[in-house]
Amino acid sequence: MERLRRKSKSELKERVLQFGEGNFLRGFADWMIDRLNNECDWGGGVVVVQPLPVGRIDNLNEQDGLYGLCLRGRVNGRPEEDISIIKSIVRGINPYKDFDKYMECAKNPDLRFIISNTTEAGIEYKENQSENDFAGITFPARLAIFLKARFESGLGGFIFLPCELIDSNGDALKECILKYARDWHYGSGFCEWLEKENYFANTLVDRIVTGYPSDEAGEIQKRLGYTDTMLDTAEIYHLWVIQGNKEIAAEIPFHKTGLNVLWKEDIKPYKKRKVRILNGAHTMTVPAALSAGFETVGEVMHDDTMLDFIKKGVFDEIIPTLDLPENELIEFADDVLQRFDNPFIKHYLTSIALNSVSKFRVRVLPSITEYIRIYDKEPKILVFSLSAMIDFYKTSPQVNDDESVAEFMKNASVSDILKKEEYWGTDLSFLKNSVERYIDMIKEKGIKKAIEITIG
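In this text the structure is predicted, and so the values were computed from the model without any measurement.

About the criteria used
All residue numbers here refer to positions counted from 1 along the written sequence of the relevant chain. Reporting in this predicted model follows two pLDDT cut-offs: at least 70 for local features of residues, and 80 or more for side-chain atom pairs to be given and counted; totals over whole chains, interfaces and linings ignore these cut-offs and use all residues. In computing side-chain values, all of the structure's heavy atoms are included and hydrogens and water are not. Helix numbering and strand numbering both begin at the N terminus, where a helix is a DSSP run of H or I of at least 4 residues and a strand a DSSP run of E of at least 2. Values of the radius of gyration come from C-alpha atoms, whereas the globule rule sets the reference at 2.2 Å times the count of residues to the power 0.38. Contacts are assigned to residue pairs that have any heavy atoms within 4.5 Å of one another. Surface accessibility follows the Shrake-Rupley procedure with a 1.4 Å probe radius. Residue values consider only the protein chains on display as shielding. By the counting rule applied here, Lys and Arg register as positive and Asp and Glu as negative, while His and the ends of each chain are not counted. A charged residue contributes its charge at one atom only: NZ of Lys, CZ of Arg, CG of Asp or CD of Glu. Only protein chains enter the calculation, and the probe is 1.4 Å; a residue is then buried if its accessible area is under 20% of its type maximum, exposed if over 50%, and partly exposed in between. Strand pairing is defined by DSSP finding a minimum of two bridges between the two strands. Here the axes come from fitting lines to C-alpha atoms, over the contacting stretch only for helices, and the angles between their N-to-C directions go from 0 to 180 degrees.

This part covers the overall build of the protein. When you go through the protein residue by residue, the secondary structure sums to 22 helices and 12 strands. Taken over the C-alpha trace, the protein has a radius of gyration of 22 Å; the compact-globule value for 456 residues is 23 Å, and the two agree within 12%. Taken along its principal axes, the extent of the C-alpha atoms in the protein is 60 × 55 × 40 Å. Restricting the contact set of the protein to residue pairs at least 6 apart, pairs at least 24 apart contribute 76%. Just so you have it, the protein exposes about 19900 Å², and 45% of that area is on carbon and sulfur atoms. If the 59 positive side-chain charges of the protein are averaged to one point and the 73 negative ones to another, these points end up 1 Å apart.

Okay, structure coming up:
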């Protein structure tokens, strides 16, 4: 089979700058933009910026931005599948090799939207960052440099649609950029332009994207008729909740396509429900499941012990901490478990395990602290999951995190790990006795038996 390539040059205008070439954005935002182009003649192309020095931009460019996407799931109880070639990405840029190409985008008057997915750890402010150390600074700092060039070109600002799973992601990104602008003395004119000419939307994203289907790649590529190293897979379900008004929505009219994109004045109820239940269930389970020898979410869902572990964590410890109607929470949780049990996709636990420490802080820790506040006792399943994660970082070769985080978690004492406010946002020493007890149980009994004992 021939390599997937364009037959002719793309005629799409470069209207979107996207930070992140990973599976999620390609299986979510870029798919939506492709739908918008096909069904509404929006004519918008995506320029993808590689956010880290090591990435897959070269692979993407070798295919002229094209890739296959396979969506599978159940619709009204019946199995459904859709395979298509996504054409919305025009090109990719590695700013660490082609910094000038990155900065040239700032002078493009057609560019209007900036989308990002740099994980929960991506949107952060650090002191003593240098404009001259592009590879060593944070994502918001790199974006501040880009925006300064935009401001100096005399062009208008952007609509930001960050997809990172942190509270008020748009507000957080804007705050970080403003701090760098002050650190680097960009001046009041730039800060005023940033405030008035740019719109930072808080957003919530929801779709399980499972990435390259290693076991089925050959079969799917035959159906596509091409060799495709960037092949992506995802569930059919999708939801994008964006905090914004009708004027903003009109510029990128997803609502005209039938896509499940909601523009709301307040996205917090949707975000809290999704992050705590769906993402929380993933993060509380994955380190323990990997330690127990499981490879996919589907395998976990078909194991009685693991399924009981998830259900008790979600229904007994997470849902009771959420201030939403119980029937809505239970219905959402039931849907989540069905999505986890999607027979069409293999969601590898190792892909979910990426940056588990920062994910735990956002997705699970709030449920632990809120449960203790309400009930004056520890949620044993969730505290066990913290213990299993610490043990995983200390013992497993499958850890995938920032090198400094992985090194610290592997070598530090449990006491020092729990005291690490930089990781948790607070001192977790009050959990020390329970966490050490669970880790001792895991070492003595093995992870699977320790789970059985914990769930009773």
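The phi dihedral of Asp41 falls on the positive side, at around 55°, and the residue is not glycine. Along the chain, the position of Asp41 falls in the loop between helix 2 (29-40) and strand 2 (44-49). Asp41 gets classed as exposed once you look at its relative accessible area, which sits at 68%. Positioned with a positive phi, Asn128 is a non-glycine residue whose angle comes to about 60°. Looking at where Asn128 falls in the secondary structure, it is placed in the loop between strand 6 (113-116) and helix 5 (139-152).

This part covers the sheet that holds strand 5 (residues 89-93). Taken in spatial order, the 6 strands make up an open sheet running 5-2-1-6-7-8, and their pairing is parallel. One side of each edge strand has no neighbouring strand; the edge strands of this open sheet are strand 5 and strand 8 (199-200). As paired strands, strand 1 (residues 13-19) and strand 2 are joined by 6 bridges and run parallel to one another. By the bridge assignment, Val16 is partnered in strand 2 with Val46.

Relative to the assigned elements, Gln221 resides in helix 8 (residues 217-224). We classify Gln221 as buried; its relative accessible area is 9%. Each residue touching Gln221, except ones within four places of it in the same chain, is listed here: Met1, Tyr212, Tyr226, Thr227, Asp228 and Leu231.

One open sheet accounts for 3 strands, arranged 9-11-12; its pairing is mixed. Single-partner strands in this sheet number two, and they are strand 9 (203-206) and strand 12 (261-264). Averaged over neighbouring strand pairs, the angle between their axes works out to 10° when direction is ignored. One ladder, built from 4 bridges, connects strand 9 with strand 11 (residues 239-243); its direction is antiparallel. Paired with Asp206 across the strands is Leu239, a residue of strand 11.

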